[in-house]
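If you want the building blocks of each chain, they are given just below.
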Amino acid sequence: VQLQASGGGLVQARGSLRLSCAASGSIFSFYHMGWYRQAPGKERELVAAITTGSTTDYTDSVKGRFTISRDNAKNTVYLQMNSLKPEDTAVYYCNETHIRTWTNYWGKGTLVTVSS
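Since this is a predicted model, take the numbers as computed values, not measurements. (Residues numbered from 1 in each chain as written. Predicted model: local features only at pLDDT ≥ 70, side-chain atom pairs only at ≥ 80, totals over all residues. Heavy atoms only, no water.)

Chemist: Explanation requested: the overall build of the chain in the structure shown.
Modeler: Helix and strand counts for the chain come out as zero helices and 11 strands. Going residue by residue from the N terminus, the α and β elements of the chain occur as β-β-β-β-β-β-β-β-β-β-β. For a compact globule of 116 residues, the expected C-alpha radius of gyration is about 13 Å, and the chain comes in at 13 Å, within 12% of that figure. Taken along its principal axes, the extent of the C-alpha atoms in the chain is 40 × 25 × 25 Å. For the chain, buried positions account for 40% of its 116 residues. Put simply, 54% of the contacts in the chain that link residues at least 6 apart link residues at least 24 apart. Taken as a whole, the chain presents about 6300 Å² of accessible surface, with 48% of it coming from carbon and sulfur. (Helix = DSSP H or I, 4+ residues; strand = E, 2+ residues; numbered from the N terminus. Rg over C-alpha atoms; globule rule 2.2 N^0.38 Å. Buried < 20%, exposed > 50% of the residue type's maximum accessible area, 1.4 Å probe, protein only. Contact = heavy atoms within 4.5 Å. Areas by Shrake-Rupley, 256 points an atom, 1.4 Å probe, with all protein chains shown as cover.)

Here is the structure:
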């Protein structure tokens, strides 16, 4: 199983970025998907999640600014990030968790840097 995240970069505050995570080697539609982030000196936190049925959930700090979505035909999960703030600066990781076994996999992160 491989998860390949992309789309990170440097953006000014109030800007937007769209992260993508392409999965291979697994039956994508059998997995809940999540985006996590880890800022320097902080623990990794769940940012947004989407179930196999496309129910979504967000951490409070990104509600109304970030949108998670999935395209099962493309085996890809997205994170649209709008109105970015410097405190959103972190390495962002995607995760997939099997709906029955709870086996989960991590991709390599993509760095998002928001300048003030």
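Chemist: Explanation requested: a nonpolar patch on the surface in the structure shown.
Modeler: On the surface, a nonpolar cluster with roughly 260 Å² of combined accessible area is contributed by Ile-27, Phe-30 and Ile-99. Turning to its location among the elements, Ile-99 is positioned in the loop between strand 9 (90-98) and strand 10 (104-106). On the basis of relative accessibility, which here comes to 34%, the residue Ile-99 falls in the partly exposed class. (Patch = residues over 30% accessible without salt bridge, like charges linked within 9 Å, V, L, I, M, F, W, Y side chains within 5 Å. Salt bridge = Lys/Arg side-chain N within 4 Å of Asp/Glu carboxyl O.)

Chemist: Explain the state of the cysteines here, please?
Modeler: A covalent bond between the sulfur atoms of two cysteines is what we call a disulfide. For the structure shown, the criterion picks out one disulfide. Covalently, Cys-21 is tied to Cys-94 through a disulfide, its sulfur atoms 1.9 Å apart. Where Cys-21 bonds to Cys-94 through sulfur, the torsion about that S-S bond is close to 45 degrees, and the disulfide is right-handed. In this pair, Cys-21 is assigned in strand 3 (residues 17-24) and Cys-94 in strand 9, connecting sequence segments 73 residues apart. By relative accessible area, Cys-21 is classed as buried at 0%. Residue Cys-94 is classed as buried on the basis of its relative accessible area of 0%. (Disulfide = S-S within 2.5 Å.)

Chemist: Sorry if this is basic, but what is going on with the environment of Leu-10 here?
Modeler: Along the chain, Leu-10 turns up in strand 2 (residues 9-12). Under the relative-accessibility criterion, Leu-10 is labelled exposed at 67%. When the C-alpha atoms of Leu-10 and Tyr-78 are compared, they prove to be 18 Å apart, with 68 residues separating the residues in sequence. Those residues in contact with Leu-10 that sit more than four places away from it in its chain are Thr-113 and Ser-115.

These figures capture arrangement, not role.
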